[in-house]
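# Notes for the structure review
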Amino acid sequence: MSSQSSERVRRSAIITALLATVTATSWGQETTTISGGMSSTCAVSPFDADTVAVALFDPLNPGSRGKLRCSTDRGASWTAPLLAEAPALLYDTKGGHPSLAFGAEGQLYWAYVAADRDNQGFVVAVDLLLLEVDPSTGTIVSGPHNITNAAANGVSLDHLWPWIATDTNPGSPYFGRLYVGWSRRNNQEFTQVKFRSS
């Protein structure tokens, strides 16, 4: 057997062993944290396994707002739903494509998109917004901050599908840094993958 084949067998055995440990009973009780949405995400604090957050958005409901809830007891109880906010009234739909990440000091970041529509109801710009949330209370600490600012510039661009990552490694020279990546679409064509860091 070649070294490549034996490596595949070894990896397959590891994956099989890992999957065998994930059974229906090891997942705990299923709970409903937020109702009425389709696009969702969750995150667990790297500093406290009891602290979790979930975010949800209903993309089929124009004018809807995303929701966020936090728990400090592994989901036994939840904070009241926090509605997605936007820094200006021109956004009629807030909270789409949510992404969550815990920061280096235990703070929670929530990124999502907000849509701006013209007088006829057509989407003319989609911006990416970022909030800092206190995970123990589920309340806003900072933001929302507009990362892309497409609507303010009058540019017909969609900024979609954000993803957040934070550097929580104390040994890293970039400890505490926040990273956000997303896709940019112009006239229904995806033209770029964008990236920013704090």
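Described below are features of the structure shown in this document. (Residues numbered from 1 in each chain as written. Predicted model: local features only at pLDDT ≥ 70, side-chain atom pairs only at ≥ 80, totals over all residues. Heavy atoms only, no water.)

## As for the pairing of strand 2 (residues 52–57)
Spelled out, the test is: Working definition: with a 1.4 Å probe on protein chains only, accessible area under 20% of the residue-type maximum means buried, over 50% means exposed, and in between means partly exposed. Each helix is a run of DSSP H or I of at least 4 residues and each strand a run of E of at least 2, with the numbering of both proceeding from the N terminus. Here the rule is simple: two strands pair whenever DSSP picks up at least two bridges between them.
Within strand 2, 6 of the 6 residues are buried, which leaves the element mostly enclosed by the surrounding structure. Judged by which residues are buried, strand 2 turns out to be covered on both faces: Val52, Val54 and Leu56 on one side and Ala53, Ala55 and Phe57 on the other are all buried. Pairing of strand 1 (residues 39–44) with strand 2 involves 6 bridges; the strand directions are antiparallel. For threonine 41, the partnering residue across the bridge sits in strand 2 and is alanine 55. Judged from the 5 bridges that link them, strand 2 and strand 3 (residues 67–71) form a sheet pairing that is antiparallel.

## Here's the deal with the nonpolar core
Our working definition: Throughout, nonpolar core names a set of buried Ala, Val, Leu, Ile, Met, Phe, Trp, Tyr and Cys residues whose side chains join them through atoms within 4.5 Å. Note on definitions: a residue-residue contact is assigned when non-hydrogen atoms from the two residues lie within 4.5 Å.
By size, the foremost hydrophobic cluster in this structure holds 16 residues, and its most contacted members are Ala53, Leu68, Leu100, Leu108, Trp110, Tyr112 and Val133. Contributions of two or more residues to this core are made by strand 2, strand 3, strand 5 (91–102), strand 6 (108–117) and strand 7 (123–134). Sort the elements by how many residues they give to this core and strand 6 lands first, with 4 residues. With near-sequence residues (within four places) excluded, alanine 53 lies in contact with Thr41, Cys42, Ala43, Leu68, Arg69, Cys70, Leu100, Phe102 and Leu108. Judged by nonpolar contacts, the second largest core, of 14 residues, contains Ala115, Ile164, Val180 and Trp182.

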